[in-house]
Amino acid sequence: MTSYKELGLVNTKDIFKKAVSGGYAIPAYNFNNMEQMQAIIMACVETKSPVILQVSAGARKYANQNILKNMARGAVEYAHELGYDIPIVLHLDHGDSFEICKDCIETGFSSVMIDGSHFSYEENVALTKKVCEFAHSQKDYITVEGELGVLAGVEDDVSSEHSHYTQPSEVVDFVSKTKVDSLAISIGTSHGRAKFKPDQCTRDANGILIPPPLRFDILEEVEKQIPGFPIVLHGSSSVPIEYVHMIEKFGGKLTDSVGIPEEQLRKAAKSAVCKINIDSDGRLAMTAIIRKILVEQPDEFDPRKLIGPARDELKKLYAHKNQNVLGSAGQA
């Protein structure tokens, strides 16, 4: 058993409380390799932002959870080396079973998500409660995120063709029965880089897809039901069109890519939404730079010359998110 405190990590309890009262959201950035971790920590130290390092089921398979755990330890030491000790959480993203949550808790994760949203309501309650009972019974309290409602889209092992909005009438019962620490809700965000189908969107004068607005009425009703309770948004990448165009210019094909407008995410971050998940934007930024280098410098074969500039672009993107979208800059 490894305690997250041995790694220098924190859970989400205090940082969420501060975020809710302060009107900002903590960035939750997915990572599965060293360069992504470096970019995240560089951006968050530069902007003095707390951060949640997220590990998906796909990342665990790709990089090995023990390697990822020790990368999180390295992230804490790297932040210190860069000159500012920011709060860092190591979080399991979309855990789908008690066993995977237990495994992560026992190997140093400070926070886990149990996603039972694809089950019936009663099964979701039972599974989430079981994870919470185990996580909260540890010597060092592990925070747990649950989910009500289903997001459409595809990201790693998470896939759903249709979304189902969160029912505000269920949240009080769910939170009280499970004792969950935070709640992911569905208000129109979606996983992946193509978050909506073209027939769900309008197009601007340049032919760019404009997605339907988020359901802030649902968010407001949830806040009324559980005032001050930490709310989480998944599938919240903005899918910057400049990266999409760069990828396509240098040989890629990303038909009908569309994300969540940054102004809507900033509005959400000023509410009880205290954690916003971003993954696809980072993938796009790194892929765009790597494709550009491969085309413009076809004789280059040093991976560092490809991934290094991609890491730098990712750092720039995440610093922008912290400062201008989430409002987390200066909150560490």
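Preceding this paragraph is the structure being described.
Nothing here was measured: the structure is a model prediction, and the numbers come from that model.

**Regarding the packing of aromatic side chains**
This structure, assessed with the given rule, holds three aromatic pairs. Geometrically, the ring pair formed by F98 and F134 is edge-to-face, given 5.8 Å between the ring centres and 75° between the ring planes. Residue F98 is located in helix 5 (residues 98–106), and its partner F134 is located in helix 6 (residues 121–136); the two are separated by 36 residues in the primary sequence. Directly above the ring of Y84 sits K48, whose terminal nitrogen or CZ lies 4.7 Å from the centroid. Here R215 stacks its cationic end above the ring of Y165, 5.0 Å away from the centre of that ring.

**Quick word on the sheet that holds strand 4 (residues 111–114)**
A barrel is described by the order of its strands in space; here eight strands give the closed sequence 1-2-3-4-5-8-11-12, paired in parallel fashion. Within this sheet the neighbouring strands show an average axis-to-axis angle of 25°, counted without direction. As judged from the three bridges shared by strand 1 (residues 26–30) and strand 2 (residues 51–56), these two strands associate in the parallel manner. What sits directly across from Y29, in strand 2, is L53. Here helix 2 (residues 34–46) sits on the sheet in contact with strand 1, strand 2 and strand 3 (88–95), set at roughly 165° to strand 2.

Each value, and the rule that gives it
- Residues numbered from 1 in each chain as written.
- Predicted model: local features only at pLDDT ≥ 70, side-chain atom pairs only at ≥ 80, totals over all residues.
- Heavy atoms only, no water.
- Phe/Tyr/Trp six-rings, centres within 6.5 Å; stacked < 30°, edge-to-face > 60°.
- Helix = DSSP H or I, 4+ residues; strand = E, 2+ residues; numbered from the N terminus.
- Lys NZ or Arg CZ within 6 Å of the ring centre and 35° of its normal.
- Pairing = 2+ DSSP bridges.
- Axes fitted to C-alpha atoms, helices over the stretch in contact; angles between N-to-C directions.
- Contact = heavy atoms within 4.5 Å.

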